[in-house]
Amino acid sequence: MTSSATEAAERVAELRRLVEYHLYRYHVLDEPEISDAEYDRLFDELLALEDAHPELAADDSPTRRVGAPPAEGFRKVQHLSPMGSLEKVTTEESLAKWVDDVRKRLDSDEPVALVSEPKIDGSAISLLYERGVLVRGATRGDGYRGEDVTTNLRTIRAVLPRMVLPAGEEPPAVLEVRGEVYMPLSGFRELNERLAAEGKKTAPNPRNAAAGSLRQLNPAITAARPLSVWIHGMGHHEGLPADTHWEALQWLRERGFRTNPLAARHETIESVAETCREWETRRLELDYEIDGIVVKVDSFDQQRRLGALHDRPRWARAFKWAPLTANTKLLKIHIRVGRTGALNPWAQLEPVEVGGVTVQTATLHNEEDINRKDIREGDTVIVQRAGDVIPQVVGPVLPHAPGTEPFRMPAQCPLCGADVVKPEGEAMHRCPNRRCPSRGLETLIHWVQAAMDIEGVGEQLVRRLWAAGIVTSLPALYRLTKEQLVELDGYGEVSAQKAIDAIHASKERPFYRVLFGLNIPQVGWVTARNIARHFGSIDTLMGATQEQIEEVEGVGPDRAEAIAGWFSDDENRALVAELRSLGLRFEVGEHDRPVEGPLSGKSYVITGTLEDFSREEAKAALEALGAKVSDSVSKKTTGLIVGESPGGSKVKGAQKHGTPVLTERELKTLLAR
Ligand code: IVH
């Protein structure tokens, strides 16, 4: 069918609008309305029409953002106002001192509100819009002159080609926005895997990868790179749409620019300092690298009065954390056999200080991961620490130390000598021997610490009892006597009696904790609780088929199979029977029976920070009406409740399963009903 020229023009306009709209929903709001395939159909139709009607070509068409012709070097462009840089502070004291200085300069008692934003570790850009249309994009360069990378920037989906204006609003004659192009960590890993597979040089870090991708002479290469952008402010503009930075961010977001949802406004320096502390560890939850928090004076009037010194604004500071990485020598790779039989390699390091703490051990994940990073005994390695998390070995500092060899998992269990197995599709090597001494010991440690939380009975005591051959199984723990403890060095009558009392008190722990403690494969806290609620007792659970187990919230076929498999084992059934005869709970009690209510049968997941509830309060309120609240979105989830700064995996999960998303307001309506 050939369409007439006017029909084609109309359809092209409509398709451009649709494609832009869906790009905006996808990249800015993170709330796509249509599937990728539907989006591709729209895009392809537009491409075909533009091909057939070259007279309809337009620079701002979304199709221009992929596969544009190669640029010939980059033209230099003069920035309309200099792109400055930020002065650093590294301690809360110096941050507070800066705020004091700001107050002194303003020379009055006027309040100074501040805005904190993540400092994105990417590549700075300037985007110039004329009458709402992107006409030029440039790198920072030396701050005065940058390179014109418009064609490349157009290939990035999150770069807005045309402002999204509220109905009836005239576009600003000129508006320059500034931001940071970055490569999400997931995309960075994939890119490096791809480059490595093609035998090409990999990128050392996401920042270099982003900067390098942006400066590709062939925009098709940029287009194939997973890049995104956060807009963090305005450059040149005519007529200010806002009085404060905070309002400006809001204004930009409402017009389609991708501004970072983690920005926050503060009335006090304490609140800013708390944010800086919080993100020091939480930054590892993000899918992009940040190297600090930018703190800005909110009021534009105050910003103007503060001015700049050598292109560094007095109204902003970059708060940077102490480096959380250090280099040291990897002395030896050890193997610990965990409670599920998994062989966990860990690194013994030459002691080194990382972010104020001495580190001498670090986790290594599995053989595949160690070999992908090519970490070897004897290498100098980069160690990373993240808050309370166990330090990790990030990778070797190349070249390898002379005489080093690639790491191999031992073929035999280092403890019992059994042949190690690596189940199909799993990354972990396992010791298949259920009687492997380490397994029983690790299960006991898990039982007293994580599952039962028995006061005064910890890893050390369990190890001693194990070594002495006194307690080598879970039931044996409950047969331990005060006399046996007294015979152990260091235990007097009183402390021994206390420990025995605590052990016996643990028999009152609810059913789900017992389930968790039994060390059933793939059964963590949340699953144990859901199983307990679903079946109510061990008898119903043991009588259930794999299909019936799959009906439990958060349990898929693999997990159901593992659970059913565990309970079909005679030895495990005997263990259950023995623990039961010792008086442990194998059914849900009054206190942990689910409540019946208007939301019975419904299940919710909460993500992000809610304004009027803590997460625990929201959870308790939902549970009081009979709903279940779980940790991850599955096809059984009724709704995802989204607060500020929601977790990416949960939002993605909801998109995948088509789970409805609820705002805090909708949650309140739900609770009020
Ligand atoms: S505001 C005068 N906000 O950090 C400069 N910059 O050293 C004001 N950056 O290359 C910049 N995240 O691109 C600002 N949230 C953020 C930022 C940010 C990253 C970069 C910026 C510049 C460098 C300044």
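Above this note sits the structure.
Within each chain, residues carry numbers counting from 1 in the order of the written sequence. Local features in a predicted model are, by the rule used here, given only for residues with pLDDT of at least 70; side-chain atom pairs are given and counted only at 80 or more, and totals for whole chains, interfaces and linings are based on all residues. Side-chain numbers here rest on the full set of heavy atoms in the structure, without hydrogens or water.

### Remarks on the packing of aromatic side chains
Then step 1. Aromatic contacts are taken between Phe, Tyr and Trp rings whose centres are within 6.5 Å, Trp giving its six-membered ring; a plane angle under 30 degrees counts as stacked, one over 60 as edge-to-face, and the others as tilted. For the coordinates displayed, the defined rule picks out seven aromatic pairs.
Then step 2. Between Tyr182 and Tyr288, the ring centres sit 5.2 Å apart and the planes meet at 55°, which makes this aromatic pair tilted. Of the two residues, Tyr182 is situated in strand 7 (residues 174-182) and Tyr288 in the loop between helix 9 (269-282) and strand 10 (290-297); the sequence distance between them amounts to 106 residues. Across this residue pair, the class does not change: Tyr182 and Tyr288 are buried.
Then step 3. Ring pairing ties together the aromatic residues Tyr182, Trp230 and Tyr288, which thus form one cluster. Helical segments are the DSSP runs of H or I of at least four residues, strand segments are the runs of E of at least two, and each set is numbered from the N terminus. Relative accessible area decides the class of each residue, using a 1.4 Å probe on protein chains only: under 20% of the type maximum gives buried, over 50% gives exposed, and in between gives partly exposed.

### A closer look at the packing of helix 12 (residues 437-451) against helix 13 (residues 459-467)
Then step 1. Two numbers describe how helix 12 lies on helix 13: the axes approach to 9 Å, and their chain directions differ by 145°. As for the relative orientation of helix 12 and helix 13, their crossing is right-handed in sense. For the pair helix 12 and helix 13, the contacting residues are Pro437, Gly440, Leu441, Glu442, Leu444, Ile445, Val448 and Gln449 in the first and Glu459, Val462, Arg463 and Trp466 in the second.
Then step 2. Three classes are used, and their members are as follows: Ala, Val, Leu, Ile, Met, Phe, Trp, Tyr, Cys and Pro are nonpolar, Asp, Glu, Lys and Arg are charged, and the others, Gly among them, are polar. Its residues assigned to classes, the contact of helix 12 with helix 13 comprises seven nonpolar, two polar and three charged. Each axis is a line fitted through C-alpha atoms, and for a helix only the stretch in contact is used; angles between axes span 0 to 180 degrees, taken between their N-to-C directions. The handedness criterion is simple: a crossing whose near helix is rotated anticlockwise from the far helix by less than a right angle is left-handed, and one whose near helix is rotated clockwise is right-handed. Any pair of residues with heavy atoms lying within 4.5 Å of one another is described as a contacting pair.

### Some details on the site of the ligand
Then step 1. With respect to spatial proximity, 14 residues lie near the ligand, and among them Leu86, Glu117, Ile120, Glu180 and Lys296 are the closest.
Then step 2. One of the backbone N or O atoms of Leu86 is found 3.0 Å from an oxygen atom in the ligand.
Then step 3. We define a polar contact as two N or O atoms separated by no more than 3.5 Å, with the added condition that, inside protein, one atom must be a possible hydrogen donor and the other a possible acceptor, whereas residues neighbouring each other in sequence contribute only through side-chain atom pairs. Between the ligand and the protein, one listed contact pairs a nitrogen atom with a side-chain N or O atom of Glu117 at 2.8 Å.
Then step 4. Here the ligand, which alone exposes 510 Å², has 85% of that area covered by the protein.
Then step 5. Of all the secondary-structure elements, those providing two or more residues to the shell around the ligand are strand 3 (114-120) and strand 10.
Then step 6. Counted by class, the shell around the ligand contains six nonpolar, three polar and five charged residues. Any residue with a non-hydrogen atom lying within 4 Å of a molecule or strand is treated as near it. The accessible surface values rely on the Shrake-Rupley method and a 1.4 Å probe; as for residues, cover is taken only from the protein chains in view.

### Quick notes on the sheet that holds strand 5 (residues 133-139)
Within a sheet, adjacent strands bond to each other through the backbone by hydrogen bonds, running parallel or antiparallel.
Then step 1. Pairing between two strands requires that DSSP report at least two bridges joining them. Spatial ordering of the open sheet is given by 5-4-7-8, a layout of four strands whose pairing is antiparallel. If you trace the sheet from one side to the other, it starts and ends with strand 5 and strand 8 (228-237), each paired once. Strand after strand, the sheet turns through a mean of 30° between neighbouring axes, direction not considered.
Then step 2. The strands that helix 8 (residues 245-254) touches are strand 7 and strand 8; relative to strand 8, the one it contacts most, it runs at about 120°.

### Focus: the nonpolar core
Then step 1. What makes a nonpolar core is a set of buried Ala, Val, Leu, Ile, Met, Phe, Trp, Tyr and Cys residues whose side-chain atoms join them at distances within 4.5 Å. Membership of the largest hydrophobic core comes to 55 residues, with the highest contact counts inside it found for Trp447, Ile454, Tyr478, Leu485, Leu515, Leu518 and Leu579.
Then step 2. It is helix 12 that contributes the most residues to this core, six residues altogether.
Then step 3. If near-sequence neighbours (up to four positions away) are discounted, Leu579 is found in contact with Trp447, Leu474, Pro475, Tyr478, Leu518, Leu584 and Phe586.
Then step 4. Membership of the second largest hydrophobic core comes to 33 residues, among which are Val181, Ile231, Ala248 and Phe300.

### Focus on helix 21 (residues 557-567)
Then step 1. Those residues of helix 21 that sit buried are Ala560, Ala562, Ile563, Trp566 and Phe567. Considered in projection along helix 21, the buried side chains sweep an arc of 160° and stay on one side of the axis. Throughout, the arc means the angular range of directions from the helix axis out to the C-beta atoms.

### Observations concerning the pattern of salt bridges
Then step 1. For this analysis, a salt bridge means a side-chain nitrogen from Lys or Arg found within 4 Å of a carboxyl oxygen belonging to Asp or Glu. Applying the stated criterion across every chain yields a total of 37 salt bridges.
Then step 2. A salt bridge links Arg408 to Glu367; its shortest N-O distance comes to 3.9 Å. Of the two residues, Arg408 sits in the loop between strand 18 (389-396) and helix 12 while Glu367 sits in helix 11 (residues 367-373), which places them 41 residues apart along the sequence.
Then step 3. The buried category is assigned to Glu367, whose relative accessible area is 16%.

### Here's the deal with helix 12
Then step 1. What a helix is expected to span follows from its residue count: subtract one and scale by 1.5 Å. Here helix 12 is 15 residues long and its end C-alpha atoms lie 20 Å apart, about the 21 Å a rise of 1.5 Å per residue gives.
Then step 2. Counted residue by residue, helix 12 has 11 buried out of 15 residues, so it is predominantly covered.
Then step 3. Among all positions of helix 12, only Ser438, Arg439, Leu441, Glu442, Thr443, Leu444, Ile445, His446, Trp447, Val448 and Ala451 are buried.
Then step 4. Packing partners of the buried residues in helix 12 comprise strand 14 (325-337), helix 13, helix 14 (474-478), helix 17 (511-517), helix 18 (525-535) and helix 22 (570-581).

### Quick notes on the packing of helix 23 (residues 615-624) against helix 25 (residues 664-672)
Angle between the axes and distance between the axes are the two parameters that describe a pair of packed helices.
Then step 1. Between helix 23 and helix 25, the shortest axis-to-axis distance is 10 Å and the interhelical angle comes to 35°. The handedness of the crossing between helix 23 and helix 25 comes out as left-handed. Every residue of helix 25 that contacts helix 23 at Ala618, Ala621 and Leu622 is listed here: Leu667, Leu670 and Leu671.
Then step 2. Grouping the amino acids of the contact of helix 23 with helix 25 by side-chain chemistry returns six nonpolar, no polar and no charged.

### Side note on the side chain of Glu147
Then step 1. By the element assignment, Glu147 lies in strand 6 (residues 145-147).
Then step 2. Overall, the relative accessible area of 12% leaves Glu147 in the buried class.
Then step 3. Ignoring anything within four residues of it in the chain, the contact list for Glu147 reads Phe74, Arg75, Lys76, Val77, Gly137, Ala138, Thr139 and Arg215.

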